[in-house]
Amino acid sequence: MRLNPTSFLPHLKGLRFDQIEIAEHRITLTVTAVRATAACPLCQQRSKTVHSSYTRTVADLPWSGMTVSLRVQTRRFACPVESCERKIFCERLTQFVAVYGRRTDNVRTALQRIVRALGGKAGARLAAHQRIGVSRMTLLRLIHADPTVATPPPRVIGIDDWSRRRGRRYGSIVVDLFLGLLSFHAQPRPLRRLP
Ligand SMILES: [Zn+2]
């Protein structure tokens, strides 16, 4: 019986499965993008002229405690519109990964849930335990970069002063100590003027 991984990995539909390698704690799936055409991101015209190919490595959700990597054979296409400034473009695989993403959308969603529940530091520890390698700072960037994710209200806050012009213009900064320094609200107006 020939295994069809898209039956249990629906987010990878449209890719051809070439190989699966299983090491001690890692599974690597080699897949190839096979759609006949791709749309130029600038002029939106579809092209079927393949210019070259390259390999992307994308992390997927772990299986039974094993890290899963996708080795994705991807192509560059030549734009069919002569006047288009984008002569060559990389095909988009937006059904499962952002344009320059190194993690599938499923992984991003899982990490966003982790950081929202636990914050950056504990979230990074849990992610490592779940075999999803991510740093605390990357977790924080993930939650702040997603406009669809509402930033939760601060649970632990710190307040400090900061200086726009030393000795003359000051503001207040409120730091979300749970999520980290990336979540802050600054007061750009001078709060007081020193003599
Ligand atoms: Zn184009």
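As a starting point, this report considers the structure included with it. Chains are numbered independently. Their residues run from 1 in the order of the written sequence. In view of the model being predicted, local features appear only for residues whose pLDDT reaches at least 70, and side-chain atom pairs are presented and counted only at 80 or more, with totals across whole chains, interfaces and linings using the full set of residues.

A few points about the pairing of strand β1 (residues 15–22)
For two strands to count as paired, DSSP must find a minimum of two bridges between them. Counting from the N terminus, the helices are the DSSP runs of H or I reaching at least four residues and the strands are the DSSP runs of E reaching at least two. The sheet contact formed by β1 and strand β2 (residues 26–33) spans seven bridges and is antiparallel. Of the residues in β2, the one forming a bridge with Glu21 is Thr28. Connecting β1 to the antiparallel partner β2 that follows it, the hairpin turn spans three residues.

Overview of the pairing of strand β5 (residues 50–63)
Looking at chain direction, β5 and strand β6 (residues 66–78) are connected through eleven bridges and run antiparallel. Across the sheet, Thr57 pairs through a bridge with Arg71, a residue of β6. Counting the residues in the hairpin turn of β5 and β6 gives two residues, including Ser64, whose phi is positive at 45 degrees.

Re the nonpolar core
Counting 24 residues, the largest nonpolar core has Val31, Leu111, Val115, Ala127, Val134 and Leu139 as the members making the most contacts within it. Looking at this core, the elements with two or more residues in it are β2, β5, β6, α1 (105–129) and α2 (136–145). Considering each element in turn, this core owes the most residues, six residues, to α1. Marked domain ranges trace back to an automatic or database domain assignment. Summarising the domain contributions, this core has at least three residues from each of domain 1 (1–97) and domain 2 (103–149). For every residue pair, C-beta atoms are placed from the backbone, and the pair is scored as a contact if these atoms sit within 7 Å. Setting aside chain neighbours within four positions, we find Val115 in contact with Gly120, Gly123, Leu139, Leu140, Leu142 and Ile143. Ala38, Cys40, Cys79 and Phe89 belong to the second-largest nonpolar core, a separate cluster that totals five residues. Among buried residues, those of type Ala, Val, Leu, Ile, Met, Phe, Trp, Tyr and Cys that are joined through C-beta atoms within 7 Å form a set called a nonpolar core. Remark: C-beta atoms are placed from the backbone, and a residue is labelled buried if 20 or more other C-beta atoms sit within 10 Å of its own, exposed if 12 or fewer do, or partly exposed between those counts.

Structural measurements only, silent on function.
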